[in-house]
Amino acid sequence: MTNKVPMIKLNNGVEMPQLGFGVFQVPDLSQAEAAVKDALEVGYRLIDTATAYQNEEAVGRAINNSGIKREDIFVTSKLWVSDFTYDRAKKGIDASLQRLNMDYMDLYLLHQPYGDVMGAWRALEEAYKAGKIRAIGVSNFYADQLKNLELTMTVQPVVNQIEVNPWYQQTDEVKFNQGEKVQVEAWAPFAEGKHDIFNNTTIGQIAKKYGKTNGQVILRWLLQRGITVIPKSVHRERMAENLAVFDFELTTAEMQTMATLDKKESQFFDHRDPVTIEQIFGSSLKQLH
């Protein structure tokens with residue numbers, strides 16, 4: 001086994017790396033640009049940003065100045081709920097492209113399942129057919145919300161980016177998406193360190209066997225579930241560590257041990273709570289995933 005990142009073929013035939021780099025909660029443009037520059041130099045080729053992260057401009061600058069061919073980098077961004085109408089979504093797509101300073105994005109997602117989802121999705125479909133986006137998908141959609149979209153629209157989502165980590169394993173949601181041939185992509189794979197995840201003894205026992213860290217075991221566990229994952233770090237050594245997860249493999253028993261850690265609760269907020277939904281519409285962009 002090597003540390004080469006495998007490619008995942010999406011349901012429209014487009015290929016994306018299974019392990020990438022995210023810039024959530026890095027709103028400082030100089031820091032975001034430096035982080036993406038480091039990530040690309042370390043070896044990442046999937047870069048994930050969003051309108052709500054307020055750093056698309058920095059991400060685009062780092063990619064465009066990297067010296068790496070544009071077609072060799074898989075760029076993801078997301079549309080925020082404030083642009084969830086057909087007309088506003090069309091403008092939002094163009095605004096993302098302008099901030100990234102790119103002719104196309106590889107993947108563009110609806111960031112939340114609220115508001116005029118159908119109108120916004122129609123705009124994504126048009127941009128997809130026009131070649132502005134190579135693949136379109138969603139984020140934070142539950143199974144019923146995904147199915148409703150699939151039954152209503154003409155282009156099926158290729159990706160559903162959701163919270164998946166040892167404390168919130170989303171077994172049923174993952175299984176449903178995979179059954180629909182929608183690629184699951186995990187955000188917050190480390191639960192942002194909650195419940196002392198990096199020092200958890202159960203994970204640590206597995207890590208010690210392979211000479212790895214808890215973080216590397218978590219990433220390996222997600223990859224073996226067929227999930228794409230986008231860990232975030234502004235530290236170059238941690239970026240390299242997160243990429244070094246293709247030279248070992250967890251056993252069936254170890255996968256089952258990891259499954260026992262499920263707390264079955266989001267480490268952030270309930271996306272179905274009416275109060276949360278109202279807050280998402282009313283809060284500043286930089287505060288929410």
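The model shown is predicted, which means the values in this text are computed figures rather than measured ones.

## A few points about the sheet that holds strand S10 (residues 228–229)
- Across the sheet, eight strands lie side by side as S3-S4-S5-S6-S7-S8-S9-S10; this open sheet has parallel pairing. Bordering the open sheet on either side are strand S3 (21–22) and S10, each of which pairs with just one other strand.
- Of the strand pairs in this sheet, strand S8 (residues 159–163) and strand S9 (residues 183–187) are connected by five bridges, and their pairing is parallel. Across the sheet, Ile-162 pairs through a bridge with Ala-186, a residue of S9.
- Sitting on the sheet, helix H4 (residues 117–129) touches strand S5 (74–79), strand S6 (107–110) and strand S7 (136–139), and the angle it makes with S7 is about 150°.

## Here we look at the pairing of S5
- Among the six residues of S5, six are classified as buried, and the element is accordingly described as predominantly covered.
- By the alternation rule, side chains of S5 split into Phe-74, Thr-76 and Lys-78 and Val-75, Ser-77 and Leu-79, which are all buried.
- Relative to S5, strand S4 (residues 46–48) runs parallel, the two being bridged by three bridges. Across the sheet, the residue bridging to Leu-46 is Phe-74, located in S5.
- At this point the chain moves from S4, through helix H2 (residues 56–64), to the parallel S5, and the crossover so formed is right-handed.
- Bridge analysis of S5 against S6 gives four bridges, and the strand direction is parallel. Within S6, the residue paired with Thr-76 across the bridge is Leu-107.
- Remark: the S5/helix H3 (residues 86–100)/S6 crossover connection has right-handed handedness.

## Some points on the side chain of Asp-38
- Tracing the backbone through its elements, the reader meets Asp-38 in helix H1 (residues 29–42).
- Here Asp-38 falls in the buried class, since its relative accessible area comes to 19%.
- At 3.1 Å, the side chain of Asp-38 forms a polar contact with the side chain of Arg-236.
- Among all residues touching Asp-38, those that are not within four sequence positions of it are Arg-236 and Met-239.

Conventions used here
Residues numbered from 1 in each chain as written. Predicted model: local features only at pLDDT ≥ 70, side-chain atom pairs only at ≥ 80, totals over all residues. Heavy atoms only, no water. Pairing = 2+ DSSP bridges. Helix = DSSP H or I, 4+ residues; strand = E, 2+ residues; numbered from the N terminus. Contact = heavy atoms within 4.5 Å. Axes fitted to C-alpha atoms, helices over the stretch in contact; angles between N-to-C directions. Buried < 20%, exposed > 50% of the residue type's maximum accessible area, 1.4 Å probe, protein only. Right-handed = clockwise from strand over helix to strand, strands pointing away. Polar contact = N/O pair within 3.5 Å; in protein donor to acceptor, adjacent residues only side chain to side chain.

By themselves, these observations are geometric and do not establish any function.
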